[in-house]
Structure formats: structure tokens, C-alpha cells
Amino acid sequence: MNLSKSKYVRYCQCHKMLWMDTYMPQEGVKDESLESRFKEGHECGELAKDMFGSHVDATVLRWNGSLNISAMLANTKKLVSRGEENICEAAFSVNGCYCAVDLLHKTEGGYDLYEVKSSTGVREEYLWDIAYQKHVLGMAGLNITGTYLVHVNSQYVREGEIDRDKFFVTEDVSEQIAPFSKNVEKTVAEAKQYLLSRSEPEMKIGLQCHHPYGCPYWTHCMKTPSPSVFDLYRILEKDALDMYNSGIRTLQDVYASGKHLSNAYWTRQVEYFIEDLPVYVDTDSLQRFLSGMHYPMYFLDFETFMTCIPMYDGLRPYRQVPFQYSLHILESEGAPLVHKEFLAGEDEDPRRAIAESLVQTIPADATLIAYNMAFEKGRIKELAEFFPDLAEHLMKIHDSFVDLLEPFQKGYVYNRQMGGSFSIKSVLPALFPDDPELNYTSLEDVHNGGQATATYLAMKDMSPEDRAKARENLLKYCCLDSYGMVRIWQKLRELAS
């Protein structure tokens, strides 16, 4: 069985995960964010290639864009033999172990190995990765004189062209990988032996199921119908695992065990699920909450993107950038519902335009309503910092928010269909079952925030026809978020009466 460095890291996290990748990949649940993370990593890797000046790249692609591994191995051998100073994607395969190194830098006694990551610090799984690479290169006859992790500087602020030397942080991890290097040979042998079995192995679920990476086979391995103890509201993973591994797995198990639940939310969640109780309403608390809202009311939802490499001046890595908003407006009791929206052009920095639009559209005396308002308030505060001339009005908006999440998070309203989540995607179908107006799955292409981000970032490379369709889909999605808040507010008024 051949191992790559990614397979090796999978095995280090969970033996069974690698086995499932090999024999039962169809059981995995696709991670929609995986493609964007790969893209971020690739872009960081490309930026780092010239960190020592000019380089040669050992990459060879087939006609269909896939890697030609055998050609890369031959290419790497040629580049090393002629003493190239900087080699990117140098490929090695020895004794069934394969790896491609982000950057090899020639030194007096051999080569320094550099692994590039798009994260903002050193993590243990990166040390597994680098230790494995050093082992493979050692078997290939290279003397590795130093091992380094290149990661992103979270405090870097873009001003003009990306300054590679300031954007990246290079850390010598030679001492940190030493404990992991001792076990690589043994771990490789165990992994190969493990993969020889064609029978699905037993593996107790545990913290390795989500750390350091989420496992696509979680549902397959857990084998417990939903809702389970993992669906209890904000339960710590360790606490859920302790319950699960003691045999208390479903909410029926919790109820039957008579186990005392320290969290009042859990008690209500279990009780309402088992006994199929109607909606719970704390009328007094809900009325007090609603009394804090006054006309005109502006229901606001943002869509944002964030990138590892800052796209615009003044941004740090992974800083949220709002590019779209939807606003539903009620000027007074009985007034018609008005909708306004903004979607930035795909080829421009959207921050100034969206800030100006907010100031022009939202009066300073309005009640701003958001669902989980910390996110919207955070974006508005950042816009105020970027644009001092608009800051006074933006901060008045910032200080006028009411959070529509509060009645659910504080337990004023509970419906068993919400389960252990009070996100708007859980609350809407619970309060309005089978309402076609509030069905995100009926939307075309854009059904969640991640897809909205990916669509917006991809638009600049689309044809005019596809771009127009993408803009239409983005507007419909964001509109549903703010319209959903209006409907929730109306339902809360109904429940409080």
C-alpha cells in the first residue's frame, strides 16, 4: 500500500479514516468548504515559491490537468542532480512512500525543507506532515539540514502589492518535529499493514473524529439516529462523547436514563422531543423583548467573504469583507413591507460602496434588527474604522441593533423542531413548516452563506450570461435571509399576544 503525506496525516488522526478513504469513500459526506481551503493553500504556496528568489518547479501535468507523478519523480531527480538551488514541488517516492515538498532550498550540507501553510500558526498535524516528508527525503538519500514551517502572519496589513517577507512567518520546527520523527518509520509500517485488511475495522468514536480535521465519515461511524446527544444545545464535545460511550446516545436514552441534565436548555429539548409537546413560550419575557423595538424597523443581513491573501489595502488575512446586504423595512404599524438591497460589482473593492449605501439608506433613528447581531455589528464597526468620514452615521446604526436570536437563545421560545440549534436555518422551518416562501432548498445554486461567498468570488471569471444569473441567485438568497427575519418577528408578536 502506497502512502502520501496526506494519507499519512489521515492515519495519524484516525486509522479508520484512511481505511474508509481507501475502501469506502462513497460513505463520506462532502465538505463544501474543502475546495475553497485547497484554493487558499495553493495561492499561498504560489506566493511563497519565490521567497529565496528564482526557483524551478518540478510539477508536471497530464493533458487533463492531473499530476503526472512519474514525470515529476524523474524531473525532481534531474533537478537535484544538477544542483538547483530552489526546487518547488520536488517529488520523491521510496518504499511505497510518496511526498511532494513545497520548497527545497539548497544549503552547504544538503537541503532545507519548507512546508507552506495558509493557516496563521504552528499546529501539531503540520509537524506530523513535516516529519513524514523528512523521513521520505532521508530514504531518498537527501541530507535535510533544516525543517521549516512557513505560515501566514495574522497581523499583516496590505498596503499596495503583497510584501511576501512580511506576509509570511517562517519558523524553524526542527526541535518540534523530533518526537514525531522518531515514530515515522513505525507508523508507516503500521499504516500499510492496517490497509491490508479488506474488512471494515471497528473504531471507537472520540475527539479524533473532529480534530484536527472534521471527518467525512462521522455519520457512518456514529450509527446513531438524529437527534443524538451530540445535538444537545451547545454541548461540549467531551461531555457528549462521555455520554455516548457510556451508552447514552439518543435523546430517548437520555430520557430513559433519568440522567440529571445541568443545562435547562437540554432538559427542555429532551422533554419536548420525547413528549412531542407544543411550542414553549415565556410570554412575559417575550413581551419585554418586543417592547424594545420601535418603528421604523430595518431588518438587515450581510453576505461577506474573507481570503487568506488580503485582496485590498487596509485588510489583514482572513478579514471579513461585506459585499452584499438585504434590507426589509417597516416604517410604521400597518405600513407596507419595503425591500432594498445592495450587491457590489465583482471587480471592485466593495467596502466604500456598501458603506455609502448603508448611510444613505438607513436613518440614524431606526431600529436595526439582525439575527445574531454580533456579526452585522462587527462588519459595520470595521467599515466605520475604514471610512472616518462615514463613521458617525455608521456607529449610530451600530448602536441601534436588536438581536432576533435573543428570544430563542434565552429560552423565551422553543419548538422541538429546532433541536439543539437556534440558527435562522433551524428556526425558520420549525416555526413555518412547509412554507414554500421560506424554503432555502428551493433556491437555485445559492443555499447558504458559504455558497454565496464562493459564487461572488467566482463571478469575475464567468461569462456575462452566467454572471447575470449568479447575481440574481445571490440577491434571492440574501433577500430570503432578511425576509425570514420579518416573518420571525411577526411570529414572535403572535406568540406574545
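Residues numbered from 1 in each chain as written. Predicted model: local features only at pLDDT ≥ 70, side-chain atom pairs only at ≥ 80, totals over all residues. Heavy atoms only, no water.

1. Some thoughts on the overall build of the chain
Where we set the bar: In this text, helices come from DSSP runs of H or I with a minimum length of four residues, and strands from runs of E with a minimum of two, each type numbered from the N-terminal end. Burial classes follow relative accessibility: with a 1.4 Å probe on protein chains only, a residue under 20% of its type's maximum area counts as buried, one over 50% as exposed, and anything between as partly exposed. Should any heavy atoms of two residues lie within 4.5 Å, those residues are considered in contact. Exposure was quantified through the Shrake-Rupley algorithm and a 1.4 Å probe, taking into account, for residues, occlusion by the shown protein chains and nothing else. Counted as positive: Lys and Arg. Counted as negative: Asp and Glu, with His and the chain ends omitted from the count. The atoms used to mark charge sites are NZ of Lys, CZ of Arg, CG of Asp and CD of Glu.
Scanning the chain from terminus to terminus reveals 20 helices and 13 strands. Along the longest, intermediate and shortest principal axes, the C-alpha atoms of the chain span 80 × 60 × 40 Å. Sorting the 497 residues of the chain into buried and exposed places 48% on the buried side. Taking contacts inside the chain between residues at least 6 apart in sequence as the whole, the part at least 24 apart equals 68%. Put simply, the chain shows about 24100 Å² of open surface, and 50% of that area lies on carbon and sulfur atoms. The centroid of the 51 positive side-chain charges in the chain is displaced by 4 Å from the centroid of its 72 negative side-chain charges.

2. Some details on the sheet that holds strand 8 (residues 297–305)
Here is the rule: Two strands are said to pair when DSSP picks up at least two bridges between them. Here, axes are lines fitted to C-alpha atoms. For helices the fit covers the stretch in contact, and angles between N-to-C directions go from 0 to 180 degrees.
If you trace the five strands from one edge of the open sheet to the other, you get 10-9-8-11-12, paired in mixed fashion. Strands at the two margins of the open sheet, each flanked by one partner only, are strand 10 (338–343) and strand 12 (401–403). Across the sheet, the mean angle from the axis of one strand to that of its neighbour is 25 degrees, orientation sign disregarded. In the sheet, strand 9 (residues 321–330) pairs with strand 10 via six bridges, with the strands oriented antiparallel. Its bridge partner lying in strand 10, His328 is registered against His339.

3. Some details on helix 16 (residues 388–398)
The cut-off we apply is this: Each C-beta atom gives one direction from the helix axis, and the arc is the one those directions make.
Within helix 16, burial applies to Leu390, Ala391, Leu394, Ile397 and His398. Seen along its axis, helix 16 keeps its buried residues to an arc of 125 degrees; they face one direction. Tucked inside the fold, the buried residues of helix 16 contact helix 14 (351–361), strand 11 (367–370), helix 15 (373–386) and strand 12.

4. Focus on helix 3 (residues 34–48)
As a reminder, the rule being used: Given the number of residues in a helix, its expected span is that number minus one, multiplied by 1.5 Å.
When the terminal C-alpha atoms of helix 3 are compared, their 21 Å separation across 15 residues agrees well with the 21 Å that a helix rising 1.5 Å per residue should span. Among all positions of helix 3, only Glu40, Cys44, Gly45, Leu47 and Ala48 are buried. On an axial view of helix 3, the arc spanned by its buried residues comes to 165 degrees, and they lie on one face. Facing away from the buried side of helix 3, by more than 90 degrees, are the exposed residues Glu35, Phe38, Lys39 and His42.

5. A few points about the packing of aromatic side chains
This is how the line gets drawn: Classification of ring pairs uses Phe, Tyr and Trp, with its six-membered ring standing for Trp, and accepts pairs whose centres are within 6.5 Å; under 30 degrees between planes counts as stacked, over 60 as edge-to-face, and the remaining range as tilted. Think of it as a cone above the ring: NZ of Lys or CZ of Arg counts as a charge over the ring if it is within 6 Å of the ring centre and within 35 degrees of the ring normal.
Applying the stated criterion across every chain, the model contains 23 aromatic pairs. Look at Trp19 and Tyr23: their rings are 4.9 Å apart centre to centre, the planes differ by 40 degrees, and that puts the pair in the tilted class. You can see Trp19 and its partner Tyr23 sitting in helix 2 (residues 15–23), four residues apart, about one turn around the helix. When sorted by exposure, Trp19 lands in the same class as Tyr23, which is buried. Measuring from centroid to centroid gives 5.7 Å for Phe230 and Tyr244, while their planes differ by 50 degrees, and the two rings are tilted. Taken together, the residues span a long stretch of sequence, with Phe230 in the loop between helix 9 (218–222) and helix 10 (237–245) and Tyr244 in helix 10 at a distance of 14 residues. Of the aromatic side chains, those joined through ring pairs into one cluster are Tyr233, Tyr265, Tyr272, Tyr280, Tyr414 and Phe422. It is Lys425 that lies over the ring of Tyr440; its NZ or CZ is 4.4 Å from the centre.

6. A short note on the environment of Leu431
Checked against the element boundaries, Leu431 lands in helix 18 (residues 424–431). Given the relative accessible area of 10%, Leu431 is considered buried. With near-sequence residues (within four places) excluded, Leu431 lies in contact with Phe408, Met418, Ile488 and Lys491.

7. Remarks on the sheet that holds strand 2 (residues 86–94)
With respect to topology, six strands assemble into an open sheet ordered 1-2-3-4-5-6, the strand pairing being mixed. Here the strands that pair on one side only, and so sit at the sheet edges, are strand 1 (56–57) and strand 6 (168–172). One ladder, built from five bridges, connects strand 5 (residues 144–152) with strand 6; its direction is antiparallel. By the bridge assignment for strand 6, Val150 is matched with Thr170.

8. Side note on the packing of helix 1 (residues 5–13) against helix 5 (residues 124–139)
Rules: Roughly parallel refers to an angle under 35 degrees, roughly antiparallel to one over 145, roughly perpendicular to one between 65 and 115, and oblique to any angle outside these ranges. Note: crossing handedness is left-handed where the near helix turns anticlockwise from the far helix by less than a right angle, and right-handed where it turns clockwise. In the scheme used here, Gly and all other residues not listed as nonpolar or charged are polar, with Ala, Val, Leu, Ile, Met, Phe, Trp, Tyr, Cys and Pro taken as nonpolar and Asp, Glu, Lys and Arg as charged.
Contact geometry of helix 1 with helix 5 gives a least axis separation of 9 Å together with a crossing angle of 130 degrees. Overall, the two elements helix 1 and helix 5 adopt an arrangement that is oblique. Considering how the two elements wind past one another, helix 1 and helix 5 form a crossing that is right-handed. Contacts between helix 1 and helix 5 involve Lys5, Tyr8, Val9, Cys12 and Gln13 from the former and Glu125, Trp128, Asp129, Tyr132 and Gln133 from the latter. Tallied by class, residues from the contact of helix 1 with helix 5 come to five nonpolar, two polar and three charged.

9. Some thoughts on the pattern of salt bridges
Threshold: Take a side-chain nitrogen of Lys or Arg and a carboxyl oxygen of Asp or Glu: if they are within 4 Å of each other, that pair is a salt bridge.
Using the criterion set out here, one finds 32 salt bridges in the structure. Between Glu356 and Arg352 there is a salt bridge whose closest N-O contact spans 2.8 Å. Of the two residues, Glu356 and Arg352 both sit in helix 14, four residues apart, roughly one turn of that helix. Assessed through its relative accessible area of 30%, Arg352 is described here as partly exposed. One salt bridge in this structure joins Lys396 and Glu392, with 3.8 Å as the shortest N-O distance. With Lys396 and Glu392 both in helix 16 and four residues apart, the pair spans about one turn of that helix. What you see here is one network of salt bridges that share partners, running through Lys5, Glu115, Lys117 and Asp129.

10. A short note on the pairing of strand 9
For strand 9, the buried fraction is high: ten of the ten residues fall into the buried class. When strand 8 meets strand 9, the two strands line up antiparallel, connected through nine bridges. Residue Phe299 lies in a different strand from strand 9, and its bridge partner there is His328.

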